[in-house]
Every structure is written in C-alpha cells, then in structure tokens.
Amino acid sequence: MLLLFGRTVPLLFTRTVTSYCPSSLSKPNLINSVFIKIAKINGATTHSSSFSSASGQNTGTMPERRPFVRLPTDVCPVNYGLCLKPDLIDFTFDGKLEAQVEVIQATNQIVMNCADIDIITASFVPKGADEINATGFNYQNEDEKVTLSFPSSLQKGSGTLKIEFVGELNDKMKGFYRSKYTTAAGETRYAAVTQFEATDARRAFPCWDEPAIKATFDITLIVPKDRVALSNMDVVHQKPYPGDVNLMEVKFGTTPIMSTYLVAFVIGEYDFVESQSSDGIKVRVYTPVGKAEQGKFALEVACKTLPFYKDYFSVPYPLPKIDLIAIADFAAGAMENWGLVTYRETALLIDPKNSCSSSRQWVALVVGHELAHQWFGNLVTMEWWTHLWLNEGFASWIEYLCVDHCFPEYDIWTQFVSADYTRALDLDALDSSHPIEVNVGHPSEVDEIFDAISYSKGASVIRMLHNYIGDEDFRKGMNSYLLKFQHKNASTEDLWDCLEQASGKPIAAVMSSWTKQMGFPIIVVDQEQQGDDRILKLSQKKFCASGPHNGEDCPSWMVPISICTSEDPKCSKLRILLEKSETTVTLNGVGPDQWIKINPGTVGFYRIQYSSSMLESLLPGIRDLSLQPVDRLGLQNDLFSLSRAGMISTVEVLKLMEAFVNEPNYTVWSDLSCNLGVLSSLLSHTEFHDDILEFIRDLFAPIGLKLGWDSKPGEGHLDALLRGLVLGKLGKAGHKPTLEEARRRFKEHVEAKQVLPADLRSPVYLTVLKHGDGATLDTMLKLHKQADMQEEKNRIERVLGAISAPDLIQKVLNFALSEEVRPQDTVSVIGGVAGSSKQGRKAAWKFVRDNWEELYNRYQGGFLISRLIKLTVDGFAIDKMATEVKSFFESHPAPAAERTVQQCCENILLNAAWLKRDADDIHQYLLQRKAPPV
C-alpha cells in the first residue's frame, strides 16, 4: 500500500517540527509521515499510551498491547467461491460463500474472521456425505471473529463450507465500501469498491483473514448492467441475471493462491485506455468517465515498469492482465491488489495541460511502488504483519530504482535522500520510535506500523544493503528468494538467507542490528595527518533527538562505512564494516590539502559528526560544488539535526546555509527549504519571527532572480520543480517583488486572460492567500468549486490554511468538514492551517478537539487519524502543550494513533528545549546580519 505521510503531492510536510511546508510546494512525494499505503483499524477504545519525555533511552515506550490469538489451524481454506450482489441505492450487499476447505483436525466448530457482517445461514458438506447445518454463530466483535458451531464433529478431510450473509457498503473507506462521484450531468452516484489491507477483507465476506492463510478465489459479481465490474482476474463469463433484467452476472477467472488482503472488486462507471507491455501483459488504466486521456501517462509508466521488474527479478509477471483504477474516495495513496491496483485519483491521473511536474513524478513513483508489490508482497507474502516492513520498505526502495530507469532526468535518487532517508532519521531519533520489525497482534495495532519506519527506514536500510552487497549479487539473491517462496509466505530471515548465499557476506548479522533494534548511530570522526597518510578515528554511539546517548548499555550496529576524498568525490577510496564501538583506519596517499568525506552518496543510515577541522575543509566543497549534490544535502541535514539535538549551535547551521548561495540543485534547495520551514515554525513562538523570514528572503532571492517566472528553452523537469519551490518560499516569506508579480498573475488567471501554468499555481495560490483578505479566500474557494480535476482541488485545499485573519482561518477549518472536500482530503486542509502560522496551529488544535467525535468516526481510528494528529500538534513548542495533548488523548483514546501521540508529545518537548537553548543566539545572529558594517 502506498501511504501518504507527507508524500502527498505537491506539498511537503516538514520534518521534526511539523510546519506544513508550502514553501516546498513542488516537492513531489515528501515528508512527514510517508503516505503511500493503506491500513485499517477499528480497534479498541479503552486504553491510552504511556508517555515519556525525550530521555535518550534505547527502547521507545510501547503502547499497551491487547491480548490476541491468531486463528486456529484445524480448518483451512483451499478455494473461496464467492458471489456478491451490491445494492448501490441502499448501500447493502448480499453474499454467498462456498469455500472448499480441508479439515486438518476433527472439530465441532469453525473460527473465521468476520466484521460488520450478519450471517444468515451456514452449513458444512463433507466430501461424499450429508450437509451439516451450523447450530450457532458466536460473534467476537472485539476480535473481529465468528465461531460457527456444529451439532457433530467435522471429521478430517475435504468439504464445502456454505455461508449466506449480508453486509453494508460503508462510508469508512475500508472493507467493501461506497465511493461518491458526480456524473457529467451533475448527478451524485456511488461506486462499490474495496480496500482490504490490512485486515478488512472480513468486512466483505467471512474468511481466514491472515496473510499466511492463502487460497484461490473464484469471484462472481451481480451488478447493474450499465456498470463496469472488475476483479483480480479477467472476466470469463457474463450473462443476464435471472429475475432482474437490469442486472448482469459477471464471473471472473480463478486467481492464483493468494492472501485475502489482496482480493479486490470494483463496480462503477469508468472509461479506460489500454496497451500491452513488451512481455505481452494486457495493461489498462481506468479513469472517471470522460477522462480517459488522463490515464495515458500512468499507462506508459506501467508498460515500462512491468518488463523492468520482470528483468530485474528474472521472474515473469504471473497474471494475464493488470488494471490500474482511480477511485474517488480512497484513504491511502494506492493499494497493490493483485491484478487490480487501486489509486487515489491524484496518484494516477495526469492532465497534459493542467498537471504539474511534481504530480507526474508522484504518479511514476506510486505506479512503480504498487507494481513492485505484484512480485514482492503478492507472489511472495510476509508470513505475518511483523514483517510488513519487508513489503513496504522494499517497494519504497525499488520504486526509485524503477523511476530512475524510466525517467533518468528526474535525478530521483537525490530526491530519495530528502524524501525518505532524512524523514526516517528524524523519526527514528525519537525515544518513541520503534524497531523496523514490530510484533503485531490485535488488528487495532496493525495501523501503527504503517509509518515512516516501515516505509522510509525500511527503504533506506535496503538501499544501504544493496550498496553493501552490490547489484549483481543482490539480484541473484532476490531471484532465489522469489523462486523459493513463490505463492507462499516468508519472513525477514528468509530474505537474509537468500542474500547471504548469493553474496557470501554476513547479511543476517549485519541487518538484524538495523531491523530488530530501534534507532541508528552517529559516527564521530576525527583525523590526523602522518606524512602522506591520513589516520581516521571512527566511533559510533546511538543518536537521539535529545542529544547523544550517554547511558550505559548503549546499543551498537554493524555499520557499512565508505570513505571518499576530494581526489574523487564520487568513488569510495575505502570501505569497512564497523563492528565495534570504535576503530582506526589509515588512508594511504592522502595529502594534507585533500578533504575526507564519510558516507559518499549518503547511503549509510547514520548521521556524522566531523571534527571542526574536517568540517571546515568540507565547506569549500559546498561553495564550489565539488561535493556531490546528495552529499551537500546530507552534510547540511546532519548539522541541522545536530543543532536540534543541542550538540552544536543553530547559528552554525545558519552560517552554513549561507554557503549555499550558488546552489543549482533542486533537491538540495528543497531540503534547505524544509529545514528553514522547521526553523520558521519554531521561531513563530518568538517576537523575532520577521527576522528569520528576512533571512529566508535573502537566501532565496538570488536563485529566484536567476530562475525568473517563466520557463526557458531547454529547461527540464527539475527546473520546473525548483522554480515552484523558490517562488513559493519567497512569496510566503513576504518578498515584495514576488508578491506583486504573484498578485498580477493571479488576477489574469482568475479573469481568464492568461491561465497560470500548472507548475506555478501552487506558489501563486500560496503567496496571494498568505498576504490576502476575505475576497482572496472567496476567489480561491470559487476556483475550487469550478475545478474539474482533483489535482487542482487538492492543490487549492493544501494552501487555504495560509490565510492570516482569525475569522478566515475559522472559515477554512469549517470548509474542511464540508461536502466540498472529499473525506480523505479533510486532513490536508486542517494540516495546512496548523502548519502556516502560530495562530493557525492554535485554531486547528481547537477545531480538532471540538470536532473530535466526527473526525474520529469518519476515519474509524485508521492511519488518517494519526496523520491528522501529527499535522495538528507536532509544531507546538511549549512544554505545557505536551501535557495538554497527552491529557486530551487520555480522555479521547485513539488506539491506532497511540505511538503518534507519544511522538508528538516528545517533539513538542524537544521544540521547547531547542527554543530555550538557542533562541537568544539565533536572534543576535540575525540582528548582526542586518547591522551596517562598522
């Protein structure tokens, strides 16, 4: 699944202090939270998280765990024969299940998963014997199970389990649910769609809803004859439904052996575009009616991606077709259902004229992510949710490999460092983080691990592993893993075994230090020159957001470390595996005039603290661009993180930032912008916020002047992203020439004299709103209402919160819960308010508290509630706010967001400590900058 944690287009949710970062308006798939995927959870409503401050302890405070027992194994499914008849008017469905099962051990009851379903009849027909009717259905609603009781023991052997049942097409974006859309004539209609990961197939039919309990599926849908019906496999038979001339019975082919969470069906009105990949797979992209053209870009990407993965894995795609479909109401970014991948409209549809560059990049990444799952997750599936990270971390890494293959001009691996790697480092430095591998039991716990640790840290350590092993041995090990476990389930250790055999390296020993304990090291480096040799002293200790870990029992990691010099910044001169707390290495033939860089390419998952002399020697590499872009970014990001942890002064980072005045690279500017957004949010709690805005204007004005407003011949994708980023940053910070030009262009756009190019809309909308009045907001809401494309609606929704007046902020918050905003997008609107100003943050937090019941009910405790909480409160910087947030969620429990609440409280305390520690020094530095030279 693809979650949206900050990977929402085209806005960047910033790291650590979560200021919603419209300054990074063009940033494609970035930060906080990571959200490319989906989970669910209804879950418990009784207990709250424990709370601890940032203390540098090694293990995060774990939320209380509920008792949980997996399903018994005495009866196992072999094949589900499933027939569903949805009612798109009354929002119910009738279902018939005939499951071929194997009784492994004699029993007089069958335990299955079942939620929000009423069973009407149930019986069991042993092979060659008489039917046995069930005598009772005992629902265990808390555990989402049902026990079917039989009057006599079911004997070992095969048989057929028959169940008739009814259910509801809910409006919670999980299970079998309804999705609202509007026809060209303005009529409101509903599609029936599914979202089963993690544990919601049980809301569509009684089943053994655990990833390791695989079976084949024969699905039949009874649907209105004027609707499109889709499922995992091709249609094999279609005929009129007896008794109702308006209905059609659609039967689909038998699926391969697969897990329940990957089953899917969609009934609605859609157009499609179709092609065939070079390896003969039929590919279709389904779009809203009349928008087939908007599916062409995703179709092109999918047709390039399928052969790429086939070649990379040396395993063919195992189904005859793959459909990609845009769903109107969809909680995640996308979901990898085998053969029928579902997407948010904004993650699939591209309008050649009205889509911005970041949206195209986002669609390419999401398609790459979900199609990778067709092998890694669908063909070979994790044995239990503990190993979810393997699914999501791997797909979050290889989506970049795929996009780099399809679109080398995107420089996508540099963007990975800002989008995933640094986000994961920030979250994993908290005491309330968690290991990559988390033991998961009760369904209400599963959503908690759909986070930046599973996705972004998972992707980052796989990137580090790939670099450590080398591509050839990595591919060999992947092929071995997929062939050995195809149509089966596997654990993390199974992958390590295959990679270890392929490479001959101690993969399990190295990787367990990264997956089984939370956190990561900071590598402390010092040097000494001896003749023509450079002696380096390297040591590791756990890095904590509150400062280095100084307690006893400090954990350690097996750290692959690469070292380069100024002689060849792109090539490692030495590679070592740091297996203990410290070591000394000698670099031969490195003269005193050469600099040394640890972790070239910013691949190793750790932060670095150089001695002052080493750092001083690296700074010219920023100014003269001799350091690679990814290393310029990594150096700045490390220092920013060290300043937040109190290990260096924030003033040192501001001085470093000024060295980036000649920087040409989009992603480097994007990361700078993000960190300055964090600082701006922090300093909004002071009386000198205007001074940091002046610093931002001074830093960004030269590159803004160089880029100008209009694209030039020969410019490409990254130039478009950079222009949007810089203009948005300058506009938000109140740069007068940018504000005046934005207002002029906005007026012409509204009057239809000169339509704004898609890449300029976000920065212009943001700028005029930030410095606008009620009339500006009304104009923007009118543009929102008129927009025919969801990308444009989302673009407007994400910047509405920039408005400054208190009464208008309240108007935007009320708009967030109106019918004008799709349920999954409400969170973005509220988050935009919270991230735009100190006043907005207070108003958004009050709004969430006042409307908590409606918001919690809307998202049913799923991952969107975690995202809402994080975006709303993460930016506070006063100690008492941590107490207030903790207190609120003790009396208003949100079980699936317990860890998020802990992390937010920890971040608030860290922000407050940072502000107390550095505010005066920052203020003095900013004043000195303005003082005329003596």
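Just so it is clear, the model here is predicted, and its values are computed rather than measured. (Residues numbered from 1 in each chain as written. Predicted model: local features only at pLDDT ≥ 70, side-chain atom pairs only at ≥ 80, totals over all residues. Heavy atoms only, no water.)

Structural notes on the side chain of T305
Okay, so step 1: Tracing the backbone shows T305 in helix α1 (residues 296-313).
Okay, so step 2: Ignoring sequence-local partners within four residues, the contact set of T305 consists of G368, L371, C402 and C406. (Helix = DSSP H or I, 4+ residues; strand = E, 2+ residues; numbered from the N terminus. Contact = heavy atoms within 4.5 Å.)

Digging into the UniProt feature "binding site: Zn(2+)" (unreviewed entry) in the protein chain
Okay, so step 1: Mapped onto this structure's residue numbering, the UniProt feature "binding site: Zn(2+)" (unreviewed entry) falls at H369, H373 and E392. Spanning 24 residues, the named residues nonetheless gather at one spot, since no C-alpha pair among them exceeds 8.6 Å.
Okay, so step 2: With respect to the secondary-structure elements, H373 resides in helix α2 (residues 357-373).
Okay, so step 3: Only 3.3 Å separates the side chain of H373 from the side chain of H369, close enough to count as a polar contact.
Okay, so step 4: Position of E392 relative to the elements: it lies in helix α3 (residues 388-406).
Okay, so step 5: A relative accessible area of 0% places E392 in the buried class. (UniProt positions renumbered as here; feature names shortened; annotations may be inferred. Polar contact = N/O pair within 3.5 Å; in protein donor to acceptor, adjacent residues only side chain to side chain. Buried < 20%, exposed > 50% of the residue type's maximum accessible area, 1.4 Å probe, protein only.)

A word on the pattern of salt bridges
Oppositely charged side chains may form a pair once their charged atoms are brought near each other.
Okay, so step 1: Under the definition given, this model contains 53 salt bridges.
Okay, so step 2: Residues R344 and D825 are paired through a salt bridge, measuring 3.3 Å at the closest nitrogen-oxygen approach. Of the two residues, R344 is situated in strand β24 (residues 340-344) and D825 in the loop between α20 (806-816) and α21 (826-836); the sequence distance between them amounts to 481 residues.
Okay, so step 3: Accessibility expressed as a relative area gives 2% for D825, which makes it buried.
Okay, so step 4: In this structure, the salt-bridge partner of D879 is K916, at a minimum N-O distance of 2.8 Å. Pair noted here: D879 is in helix α25 (residues 879-891) and K916 is in helix α26 (residues 898-930), with a separation of 37 residues, a long-range link.
Okay, so step 5: Taking relative accessible area as the criterion, D879 reaches 33% and is therefore assigned partly exposed.
Okay, so step 6: Three or more residues joined by partner-sharing salt bridges are found here, namely D116, E144, D200, R202, R203 and D209. (Salt bridge = Lys/Arg side-chain N within 4 Å of Asp/Glu carboxyl O.)

Digging into the sheet that holds strand β17 (residues 235-240)
Okay, so step 1: Read across the open sheet, the 8 strands follow the order β9-β8-β12-β6-β5-β15-β18-β17; overall the sheet is mixed. The sheet is open, and its two borders are formed by β9 (132-133) and β17, each paired with just one other strand.
Okay, so step 2: Pairing geometry for strand β5 (residues 75-87) and strand β15 (residues 216-224), over 6 bridges, is parallel. When the sheet's bridge partners are listed, N79 is paired in β15 with T216. (Pairing = 2+ DSSP bridges.)

Regarding the pairing of strand β27 (residues 521-530)
Okay, so step 1: Note that β27 and strand β28 (residues 533-544) share 10 bridges and pair antiparallel. What sits directly across from D526, in β28, is K537.
Okay, so step 2: Alignment of β27 against strand β34 (residues 607-610), held across 4 bridges, turns out to be parallel. The residue bridging I522 from the neighbouring strand is R607, located in β34.

As for the sheet that holds strand β31 (residues 574-578)
Okay, so step 1: Spatially, the 3 strands line up as an open sheet ordered β31-β30-β33, and their pairing is antiparallel. Taken across any chain shown, the strands that pair with only one partner, and hence form the sheet edges, are β31 and β33 (596-598). Recorded for the sheet is a direction-independent mean angle of 25 degrees between the axes of neighbouring strands.
Okay, so step 2: Bridge count between strand β30 (residues 559-565) and β33: 3 bridges; the pairing is antiparallel. Its bridge partner being in β33, I563 is matched across the sheet by I598. (Axes fitted to C-alpha atoms, helices over the stretch in contact; angles between N-to-C directions.)

Let's talk about the packing of aromatic side chains
Okay, so step 1: One pass over the structure, following the stated rule, counts 46 aromatic pairs.
Okay, so step 2: When the ring centre of F91 is taken as reference, the NZ or CZ atom of R178 above it lies at 4.2 Å.
Okay, so step 3: The ring of F407 has K304 sitting right over it, with the charged end atom 5.0 Å from the ring centre. (Phe/Tyr/Trp six-rings, centres within 6.5 Å; stacked < 30°, edge-to-face > 60°. Lys NZ or Arg CZ within 6 Å of the ring centre and 35° of its normal.)

Quick word on the nonpolar core
Okay, so step 1: Grouped together as the largest cluster of nonpolar side chains are 315 residues, with contacts concentrated most on L161 and I598.
Okay, so step 2: Non-local contacts of L161, meaning those with residues more than four positions away in its chain, are made with L97, E98, A99, V101, I110, M112, S123, F124, L148, F150 and W208. (Core = buried A, V, L, I, M, F, W, Y, C linked by side-chain atoms within 4.5 Å.)

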